[in-house]
Amino acid sequence: MTTHHPLAVGLVGAGRMGAFHAETLARRLPGVRLAAVADPAPGAARQLGDRLGCTTTYTEIAELLADPRIEAVVLATPARTHADLVVAAARAGKAVYCEKPMAVTLAEAERATAAAREAGVPLQVGFNRRYDKGFRAAHDRIAEGGIGTPQLLRSLTRDPKLADPAPVPPWTIFLETLIHDFDTLRYLNPGAEAVEVFALADALVRPDFKERGLLDTALVTVRFDNGALATAEASFQAVYGYDVRGEVFGSDGMLTMGDLRRTHLTGYGPRGVTAECVGYDQDLFHDAYVAEIADFTDCVRRGGTPAVTGDDARAALAIALAAVRSVSVRGPVRLDELKSG
């Protein structure tokens, strides 16, 4: 069913990513309006709402979910709150866009997807690399057989700076950072599923935090059921900028994705060849972040099915949890050994 009035969307979580999504809803998408903002931190929702001309703000998330005027919600709260909020939003009859990770246990992931299914509402998860033009073009080429059978895949995420490590929960590098790479590897190997994972991780950026459980550097190998072998790697501190790349090598060729240069300007001088690097995810993936919210709101308005589902979120999470277990047991872990508990 196509709606002709602007789609009323509520934003939950007025932090860094929430603010970007709020701007997209308020200013970047025709036929969509930012109808309300909720954040439990005193003044946070009001401050963001004031900046974007949204007068309806809440400190109680339940009040936003109970607002009958709101047709869809964008969840941009801390990772460990996502699953419960997906369930609550679905039960309130709202279409749901949820930032990654949708859940941090398989049981939570299954509960969230079941709630959306039972309520009959769309559920989309924020794996933004699928909306980046380069990664999307690679997926399309691979799906068409353009490089034959995928045999070796690689995905990497290097964040620009590890500021204060103290608030970072254990296993974040797998559950919140590499979760993108695990989804990307599935996206770039269409129709295949991971069967076995082996992970190594350490505290190389901040060794002094290792005893507190903060791992800031990780390398993961993944075996897929179509025989393809993959690696995913992450670091919390790349001094040169925000570095996200992918590579797929197949029987008939290779594709590479990702470029951290800010522009195509290259300088040649006494110090050699130089280029400015992107230092921020919202710079590198600006268009992809907008495109994923555009796709979600189009899906709600037209009654379609989201391109990135709760099942995709569960599949990426299963790889992440296998990596966590692999580090803990110091050996390979088969995904069919993971329990939903």
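The structure this text deals with has already been given above.
Let us look at the structure shown here. A quick note: this is a predicted structure, and the numbers were derived from the prediction, not measured. (Residues numbered from 1 in each chain as written. Predicted model: local features only at pLDDT ≥ 70, side-chain atom pairs only at ≥ 80, totals over all residues. Heavy atoms only, no water.)

Quick look at the pattern of salt bridges
What counts, and what does not: Whenever a carboxyl oxygen of Asp or Glu lies within 4 Å of a side-chain nitrogen of Lys or Arg, that contact is scored as a salt bridge. Helix and strand definitions follow DSSP, with helices as H or I runs of at least four residues and strands as E runs of at least two, each counted in order from the N terminus.
Within this structure, the stated rule accounts for 23 salt bridges. A salt bridge links E110 to R314; the nearest nitrogen and oxygen atoms lie 2.8 Å apart. Of this pair, E110 sits in helix 5 (residues 106–119) while R314 is found in helix 10 (residues 310–329), placing the two residues 204 residues apart along the sequence. With its nearest N and O atoms 2.9 Å apart, the salt bridge here joins K210 to D202.

A few points about the nonpolar core
What tends to happen in soluble globular proteins is that the nonpolar side chains get buried as a cluster. Operational definition: Nonpolar core, defined: a set of buried Ala, Val, Leu, Ile, Met, Phe, Trp, Tyr and Cys residues in which side-chain atoms within 4.5 Å join the residues together. Relative accessibility thresholds used throughout: buried, under 20% of the residue-type maximum; exposed, over 50%; partly exposed, between the two (1.4 Å probe, protein chains only). Contact between two residues is taken to exist if any of their heavy atoms lie within 4.5 Å; hydrogens are not considered.
In terms of nonpolar packing, the biggest core is built from 115 residues, with F174, F182 and V220 touching the most fellow members. In terms of residue count, the dominant contributor to this core is helix 10 (eleven residues). With residues near it in sequence (within four places) discarded, V220 still touches F174, L178, F182, V197, F198, A199, A230, T231, A232 and A323.

Some thoughts on the packing of helix 7 (residues 172–187) against helix 10
Heads up, the rule is: All axes are obtained by fitting lines to C-alpha atoms, using only the stretch in contact for helices, and the reported angles, taken between N-to-C directions, cover 0 to 180 degrees. Geometric relationships in this document are graded by angle, where less than 35 degrees denotes roughly parallel, more than 145 denotes roughly antiparallel, 65 to 115 denotes roughly perpendicular, and other angles denote oblique. For any helix crossing, the convention is left-handed if the near helix is rotated counterclockwise from the far helix by under a right angle, and right-handed if that rotation is clockwise. When residues are sorted by character, Ala, Val, Leu, Ile, Met, Phe, Trp, Tyr, Cys and Pro go into the nonpolar class, Asp, Glu, Lys and Arg into the charged class, and all the rest, Gly among them, into the polar class.
At a minimum axis distance of 8 Å, the contact between helix 7 and helix 10 shows a crossing angle of 120°. As far as their axial angle goes, helix 10 and helix 7 are oblique. Crossing angle aside, the handedness with which helix 7 passes helix 10 is right-handed. Across the interface between the two elements, F174, L175, I179, F182, D183 and R186 of helix 7 pack against D312, A315, A316, L317, I319, A320, L321, A323, V324 and V327 of helix 10. Here the residues of the contact of helix 7 with helix 10 sort into 13 nonpolar, no polar and three charged.

A short note on the packing of aromatic side chains
Here is the rule: Stacked, edge-to-face and tilted are the three classes for Phe, Tyr and Trp ring pairs, Trp counted by its six-membered ring, which pair at centre distances within 6.5 Å; planes under 30 degrees apart are stacked, over 60 edge-to-face, the rest tilted. Counted as over-ring charges are cases with an Arg CZ or a Lys NZ within 6 Å of the ring centre that also lie within 35 degrees of the ring normal.
Within this structure, the stated rule accounts for five aromatic pairs. Ring plane angle 75° and centroid distance 6.5 Å describe the contact between F285 and Y289, whose orientation is recorded as edge-to-face. For the pair formed by F285 and Y289, the shared burial category is buried. Cluster of aromatic residues (ring-pair linked, three or more members): F20, Y242, F285 and Y289. The ring centre of F20 lies 4.5 Å from the NZ or CZ of R28, which sits over that ring.

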